[in-house]
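One-letter residues, chain by chain:
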Amino acid sequence: MNAQSQKSRRLVLTALFIAIILVQSLVPWLGTLPIGAFFLGASVTIITFTVAIGAMILGPGTGALLGAVWAAYSCWHAWTSAASIGALMFRNPITAFVPRMAVGFLIGWLYWTYVKNRPWKQQKWYLCGLGALSAFINTALVLIITWVSFKVMNTSFTGIPRTGLATWLITTIAGTNGLFEMIAGAIIVPLIGIPVLKSAKRNGLME
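Cut-offs used in this document
- Residues numbered from 1 in each chain as written.
- Predicted model: local features only at pLDDT ≥ 70, side-chain atom pairs only at ≥ 80, totals over all residues.
- Heavy atoms only, no water.
- Core = buried A, V, L, I, M, F, W, Y, C linked by side-chain atoms within 4.5 Å.
- Buried < 20%, exposed > 50% of the residue type's maximum accessible area, 1.4 Å probe, protein only.
- Helix = DSSP H or I, 4+ residues; strand = E, 2+ residues; numbered from the N terminus.
- Polar contact = N/O pair within 3.5 Å; in protein donor to acceptor, adjacent residues only side chain to side chain.
- Axes fitted to C-alpha atoms, helices over the stretch in contact; angles between N-to-C directions.
- Parallel < 35°, antiparallel > 145°, perpendicular 65-115°, else oblique.
- Left-handed = near helix turned anticlockwise from the far one by under 90°.
- Contact = heavy atoms within 4.5 Å.
- Nonpolar A, V, L, I, M, F, W, Y, C, P; charged D, E, K, R; others polar.

Engineer: Sorry if this is basic, but what is going on with the nonpolar core here?
Structural biologist: In summary, soluble globular proteins display a tendency toward joint burial of nonpolar side chains. Counting 32 residues, the largest nonpolar core has M56, I57, Y111 and L127 as the members making the most contacts within it. Only α1 (3-26), α2 (47-58), α3 (60-80), α5 (93-115), α6 (120-151) and α7 (164-202) provide two or more residues apiece to this core. For this core, the element with the most residues is α2, which contributes eight residues. Counting residues in hydrophobic clusters, the runner-up holds six residues, among them C75, A78, M89 and A96.

Engineer: What is the right way to read the environment of N203 from this model?
Structural biologist: In this structure, N203 sits in the segment after α7. Separated by 197 residues in sequence, N203 and Q6 have C-alpha atoms that sit 8.8 Å apart. In terms of polar contacts, N203 uses its side chain to reach the backbone carbonyl oxygen of S199, at 2.7 Å.

Engineer: Would you mind going over the packing of α2 against α5 with me for this structure?
Structural biologist: Each packed pair of helices is defined by two parameters, the angle between the axes and the distance between the axes. Where α2 contacts α5, the axes come no closer than 8 Å and their chain directions differ by 40°. Viewed along their axes, α2 and α5 adopt a mutual orientation that is oblique. In the packing of α2 onto α5, the handedness of the crossing is right-handed. Residues T48, V51, A52, A55, M56, I57 and L58 of α2 form the contact with α5, whose own contacting residues are R100, V103, G104, I107, G108, Y111 and W112. Looking at side-chain class alone, the contact of α2 with α5 contains ten nonpolar, three polar and one charged residues.

That is the geometry; function is a separate question.
Shown next as structure tokens:
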């Protein structure tokens with residue numbers, strides 16, 4: 001495959017991943033899996049794993065772009081939807097953009113640096129770890145930035161109340177979701193990622 005053809009295919013694949021992320025963001029059940037039947041208020045954000053898999057295929061730079069697309073929708077949705085603790089958190093653009101872009105960049109960089117050229121039998125175990133790590137990065141950074149916003153910066157513009165109850169709700173719900181998402185990531189990313197990565201390599205998109 002010549003360089004121009006490879007570039008065109010990568011652009012098409014990037015556009016496809018952006019479209020998938022937007023559809024997952026807009027359509028209930030495609031981007032978020034509610035598991036409230038098992039734990040009140042808990043849900044798994046599947047979009048994290050779409051960004052992670054896209055970053056593995058297309059590299060850390062494009063991974064950061066995919067994260068930015070997801071973040072832009074999260075921030076827009078937070079400002080246009082009814083007020084809730086989750087929505088108020090993501091009205092802060094730092095909370096919306098930094099964790100999502102970090103997922104795309106870091107997972108893409110780790111895969112291309114340490115995993116890409118390993119045998120597939122080894123890669124499936126690495127993808128389990130990267131799937132769990134993608135959820136951890138997103139949740140940890142959201143919680144850290146939210147905590148810093150409460151303690152250091154003025155968060156009143158987002159509408160989050162300055163109360164101990166709000167802080168408790170944010171840390172417990174987001175922290176619990178993060179645990180479920182890490183488990184889901186360790187299962188979903190290798191399950192979907194291995195066949196997609198194999199196909200991408202066969203088509204010369206990861207050279």
